Structure formats: C-alpha cells, structure tokens
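Listed below, chain by chain, are the residues.
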Amino acid sequence: MTTPILQITNLHARVVDGGPEILKGLTLTLNAGEIHAIMGPNGSGKSTLSKVLSGHPNFEVTSGEVLFKGENLLDMEPDERARAGVFLAFQYPVEVPGVNNAEFLRMALNSKRRAHKEEELDEKAFAEFLKTKLPIVEMRDDYMERAVNEGFSGGEKKRNEILQMAVLDPALAILDETDSGLDIDALRIVANGVNTLMNKDKAMIIVTHYQRLLDYITPHHVHVLANGRLIKSGDKSLALELEERGYDWLLEEASV
Amino acid sequence: MTMTISKPSDTKTASIFEASLTAPFSQLPNDVLMAMRDAAKERFTTLGFPVPRKEEAWKYMDIKSLSQFSIDEKSSGDSSALLNMTDSSPWVEANALQYVILPSELEAGGPLRALTDVIVENPERLARLVHAAHQQDDALSCLNMAFADMPLSLALSENEALDAPIEMLIRHDAKQRLFPAIYIDMEAHSSAELFIRIEGNSTKTAHYLQGLIMGRLGEGSKLTINILSNSKCDGFIFLNSEMDIAANAQLHISSIALSADNFRHRMDARLNGEGSDATLNGLSILGGQTRSHQHVRLDHKVPKCTSSQKFKAAVGGEAFSEFDGTIYVRKDAQQTNAQQLSRNLLLSKKAKAFARPWLQIDADDVKCSHGATVGQLSETELFYLSSRGIDDDTAKAMLTEGFCNDQVQAIQTQSDAIRKYIRGRSRCALASMIKG
C-alpha cells in the first residue's frame, strides 16, 4: 500500500495564547491523485485548517497528528513545509510592496531546489522556465516586473497564486476559497490552471463555499466541516445537494 | 514645547573640541582664499560648535567621542594614498569624469578645477565667497570654509551640459581629518550630474570629515547629486549641502548612508526663483551601532515652486536614525506645492528611529503635506514568504530591500552603472545588517 500524501488524525487546534479551540478532532486522509473539496458554513474552521496545515503562527495544535508523505508535518517550520511540497493558495493573497514578482518566484523556487540538492536557476534560466508557466494561468509577462500582488485585481491575485503553485509544483496544494471574488472568466482560468497542474502523484484540498468551482474542478470526495469536525463525506453529488438544501439539515443530523 | 536639558558633558565635549579647533586657526593656509578662511573663522567663533541638547538640530547627535580629535594633529596618513588605490578600477561608471579627492593636482581642462586657480583668474569671485562666509549660519560650514583642504570648483557656462556624470571618490582613511569642498556655479540652462562616494576602510583611527557642497543653480539649470556614504571607519562624517536655486531650475539629491558611523547630512535648499523645484531623497541602512542623521531645510521663498522630500531608514542592531526636515513657506510663496515623507523600518528591539517633520507656513494658498511612519516588518508578509519556502533571514532581507527599493529607483542618473552600484552596495549593507 502506498503512503497517503496527507494523513490527518484527530486534529485539535486553537488560536495561540489560549484562544478558542477551532478544530475539534478532525480526521482526513488524502491519497495521491485525489482532490478533496471541503465545504461548510462560515466559522466552521475551513480557513483554520488551511492555515494550520501551512504552519501559520496564529494557531497552535493542541493534539492530533498530521503526516505528510509519512513525515510529521507539525514538526516543520512553515518554510520547511513549503520546501517539502506543501502549498497554500491564500484566500487573501498578500501584497508585498517593493519585492519584484519574478524575483520572488525565483527565490521561492531556488529555496526548494536548494533543499532538494538541485541546481539553482539564475535570472536568465528562470525567465525561460517562467515563460513555460505563464500560459497556465494566462498571465502576461509584464506582471512579473511588478511588485508581488501590489495593485493586482482580485482575479489577478488569485491567478498569481496558481502561478506560484505552477512554479513550485507541490505534492499537496490547499486552495483556500480560491474562487471567492472571481468573475466567471477568472474562475475558468484558475480552474483550468489547477486541472493542468493536478496529476496522479499529487493531492489537493479545495476549500470553497460554492458548488460553482466544482463544475470546473471535479473532486473525488466532498466533505462538510462544521464546528471543527468533518460531519459528512460523500462524492460530488453531496456538493449539489448542499447547494440545494443548505447546511441546516446536516447540522441537525450531526447535532453540532 | 520640548524641554531641553543641558548636560555638562556635551557642553564640555563641544568646548574641548572647539578649543582644539581655535588653536590651529592661527595656522590657516595662507593662500588666495585667505579672506574667505578668515571670514569663516570669525563667523565660526561667533557661532561656536553646536552643543547637543541645547540646539534642536543637534539634540540627537552623539558627539562625545569628538573630543578626541584635534585639528592641529599631524595627518595620520599620507594623502598620496588617495591616489594610489590598489583596486584595479575603483570607478563605477566608466564614462564618468573621475576625480579622487583630494588629488594633489587636478587634470587640466576638466570641468572640475581647484578653487584657488579659479580665484586667481577671477578675483571677483572671492568677494562672493567672503560674503557667503559672513552670512553663514551653520558653524560646521564655517569650519569647512576655514580649513578646506583643497576646495574644488565646478563652473558651467550658459547652456553647457555635461554629457557624463562626474564621479568623485572621497577616501577619508588616508587622513584623520578631511575638509573636502566643492563650489558649484551653474549658469542658466546648464546641467550636471555628480556622484560622490565617501569611502573609508580603517578602524585603527577615528576620523572626522566635514564636507561642504555649495551650489548656485542658475535659471533653468539642472543639478543632480547622488551621495553614497559607505564608510567602514570609526568616526564622523558630516556633510553640508547648501543650494541656491533660481527660477525654473531643478535640484535632485539622493543621500544614501550605508552603515556610516555618525553620518550627518544637512541639506539646505533655497528656492529663490519662481518655478524652481527641489527633490531631496534619502536612504539610510544602518546596523551595529551606526548612526545617520538626515537634516533638511527647504525654503520656499517665492511663489509657484515645488519640492519633495522622501527619506527612508532601515535600522537594525543598536543603530540610530534621525530625519529632521523643515519646510518653510515664506509669506510671498503662494501656490507652493511641498511634500515631505519620512518612513522608518525597525529591525531589532534596540534599533531607534526618530522622525521630526516640521512645517512653517506663512502663506495661505499652498499645498503642503508631511507624513512620518515608524514600523516593523509585517508578520503577514513574512508568513507569506515563508509559506513559499523562503527562510526567515532571506525573507527579512527581501522585505527590507522591498522597503528600500523605491529610494534606489528614485535615484536620478544617466548611468545604469551608478544605479546598479548603489543597488549592489545597498544590498550588501542590508545583508550584513540582517545577519547582525
């Protein structure tokens, strides 16, 4: 049996410095080649899960286990996780004034290559490499000369996230509400990009409020997260059912 | 209101230093500039060496170790070392007109000449300098005028435009005290670019450099000065820039201090003619126990002038940065448009940054803005970079460089080599500051 990409067991996490507990015993396994959608009402812990997996300093894990390709993910610093192959596409991508987008991407890629004992790319080699990635998210190269996300529209920021994912080629990608704030064209571009990057060796978590994104990216599993736990899992039809019926019936069923 | 507390130690330091200065006044060089030197000496005696905590502009200066200097000490090094640099090419811009200050002899025929030679040819210019010395309100400018080692003159005739930058290298490790000076005289519609580097690389002895750049910008002329202080010496680098700007003339200064021990640059820009413009930018990257003091006095004397000041400091270690900028808008200076911004980034717990923006407006139809910020690196941005696999030190360096970047971009130069050089040196200074 092959090792799963991600194995979360009974995960409990809270806001640091004695803040409220948000994840209350979450268990989830992602095998290679699988796309999992996580849906759920506001405040259920979806974004917290994304942040905990990427090592955000505002949250602390109080118990449980997270294995990434069999290794203890929780022992790693955020930058180590990224270099190991975990990628979070931010719900709100951060603007980084003064830092050139192409240079940022190159530094990120070279950090990973260094960690994997691969040769680093100089500016010229990276520019060539980047040229092959830009079409994935239909981005013009003049965006590369701008500061990271500065002055980008909502759609451009999300496309830039997927571009980073294309450059870093992670084994596990977590897309945190990547569809929020996107118009239909941008949604299609982002979804196409994600589909292009997915393959049998990778796994993906798609956090979303809307079934719409799942018209473009077909998940193998759909989970409902409520009050810090997965209360229901199913296939794609569950998302359609949620779209129609909302969450109340599930919450009652699970009495959370 | 600010309470000023006079500390005897400062007063004592100032007076020791002053005493050490006044003695060698009797030994001023007896050259054609004697009248200027005498006038400056007299003026200095009236003004006295500034006493920190008594004088607002010196409030945050730490001059205690100044008392170890004495003007009549013999030079610690050989000034010929200034010319015998071991680097195969110490120059940044190959096409620039290159000068090491102080050379024993200046090449004939260049735009930069020894002031003494110019005075011999045009004795009437001396009267103007004597007048300037009498009018001087800065004691340190007086000091320079009195002791100026080998003052230079840059004179441009009407419509004369230098097609390459003038690159000047001031190596102050060859002399313990240095009083470099350049007097710039630009006739109407002339233009010039100067790149002044202050370098020193000795920690054996302390140094005191008191430089002066005095400029007169004629109507419609354009002067750009980029100053990079990248000294690794234990000492004081004080610079005064004093600029008189006529109608429609443009001044652009970028003042960059990279880990300079006790760097102080006082920039005085007087907008004397309508339509004139002054842009003063600054960047200080400071680590260890270094200090930078960027002081600006921008004087809008007549209507319809514009000015912009933008100063940034990235401060780590136990370093200290001060920006002190004043915009004066005189009663007649209607339709003035003046902006001032000071932004400071603190990278360690013991780093300090002071922003002191002042406005004094006596006209009623003006646009003036000023702002000051002191902050730290954003945790959100740091996490974003680490979530992409970038380690902590690199992330800090990238964000700090991002903070400084627009100041490097804002450097006005016709030379890519100069911009690249400044960017490279800034990067080195950042990297060594972040490593601590």
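1. Description of the overall build of chain B
Then, in step 1: The number of helices and strands found in chain B is eight helices and 19 strands.
Then, in step 2: Burial statistics for chain B: of 436 residues in total, 57% are counted as buried.
Then, in step 3: Restricting the contact set of chain B to residue pairs at least 6 apart, pairs at least 24 apart contribute 85%.
Then, in step 4: Of the accessible surface of chain B, which amounts to about 17,600 Å², a share of 47% is contributed by carbon and sulfur atoms.

2. Focus on the overall build of chain A
Then, in step 1: A count of helices and strands for chain A gives nine helices and 12 strands.
Then, in step 2: C-alpha atoms of chain A, sized along the principal axes, occupy 60 × 40 × 40 Å.
Then, in step 3: Relative to its full complement of 256 residues, chain A shows a buried share of 53%.
Then, in step 4: Sequence-distant contacts, at least 24 apart, represent 70% of the contacts inside chain A between residues at least 6 apart.
Then, in step 5: Side-chain charges of chain A comprise 28 positive and 40 negative groups, with the mean position of each set lying 2 Å from the other.

3. Concerning the side chain of S47 of chain A
Then, in step 1: Looking at the secondary structure, you find S47 of chain A in helix α1 (residues 46-54).
Then, in step 2: Discounting residues that sit within four places of it in the chain, S47 of chain A has contacts with Q91, D176 and E177 of chain A.

4. Digging into the sheet that holds strand β10 (residues 203-207) of chain A
Residue and element names in this part refer to chain A.
Then, in step 1: The sheet built from six strands is open, its strands ordered β6-β9-β10-β3-β11-β12 with mixed pairing. For this open sheet the edge positions go to β6 (86-89) and β12 (229-234), each flanked by a neighbour on one side alone. Averaged over all pairs of adjacent strands, the angle between their axes in this sheet comes to 20°, without regard to strand direction.
Then, in step 2: Each of β3 (35-39), β11 (221-226) and β12 touches helix α8 (residues 236-245); the most contacted strand, β11, lies at about 45° to it.

5. Observations concerning the layout of surface pockets
Then, in step 1: Reported here for the largest pocket is a volume of approximately 990 Å³.
Then, in step 2: Lining the largest pocket we find 33 residues, and of these N100, E103 and E123 of chain A together with E401 and R427 of chain B sit closest to its centre.
Then, in step 3: Counting only elements with at least two residues in the lining of the largest pocket, the list comes to β7 (96-100), α3 (101-115) and α4 (123-133) of chain A together with α7 (392-409) and α8 (416-435) of chain B.
Then, in step 4: With nine residues, the single largest contributor to the lining of the largest pocket is α7 of chain B.
Then, in step 5: In the lining of the largest pocket, the residues fall into 14 nonpolar, six polar and 13 charged.
Then, in step 6: The computed volume of the second largest pocket comes to approximately 570 Å³.
Then, in step 7: Taken together, 23 residues form the lining of the second largest pocket, with A132, M214, E242, D244 and R270 of chain B sitting closest to its centre.
Then, in step 8: Only α4 (124-135), β6 (181-186), β8 (207-217), β10 (235-245), β12 (263-271) and β14 (291-300) of chain B provide two or more residues apiece to the lining of the second largest pocket.
Then, in step 9: With six residues, the single largest contributor to the lining of the second largest pocket is α4 of chain B.

6. Side note on empty space enclosed by the protein
Residues and elements named next belong to chain B.
Then, in step 1: A full pass over the atoms with the stated rule returns five cavities of 30 Å³ or more.
Then, in step 2: The calculated volume of the largest cavity comes to roughly 80 Å³.
Then, in step 3: Forming the walls of the largest cavity are 11 residues, and the residues nearest its centre are I170, P180, I182, L212 and I213.
Then, in step 4: The greatest single-element share of the lining of the largest cavity, amounting to three residues, is contributed by β8.

Procedures and definitions
Residues numbered from 1 in each chain as written. Chains lettered and ligands numbered in written order. Predicted model: local features only at pLDDT ≥ 70, side-chain atom pairs only at ≥ 80, totals over all residues. Heavy atoms only, no water. Helix = DSSP H or I, 4+ residues; strand = E, 2+ residues; numbered from the N terminus. Buried < 20%, exposed > 50% of the residue type's maximum accessible area, 1.4 Å probe, protein only. Contact = heavy atoms within 4.5 Å. Areas by Shrake-Rupley, 256 points an atom, 1.4 Å probe, with all protein chains shown as cover. Lys, Arg positive; Asp, Glu negative; His and termini not counted. Charge placed at Lys NZ, Arg CZ, Asp CG, Glu CD. Pairing = 2+ DSSP bridges. Axes fitted to C-alpha atoms, helices over the stretch in contact; angles between N-to-C directions. 1 Å grid on protein atoms, 1.4 Å probe; cavity = no way out; pocket = protein on both sides within 12 Å on 5 of 7 lines; lining within 4 Å. Points joined across faces, edges and corners; volume = space filled by probe spheres on them. Nonpolar A, V, L, I, M, F, W, Y, C, P; charged D, E, K, R; others polar.

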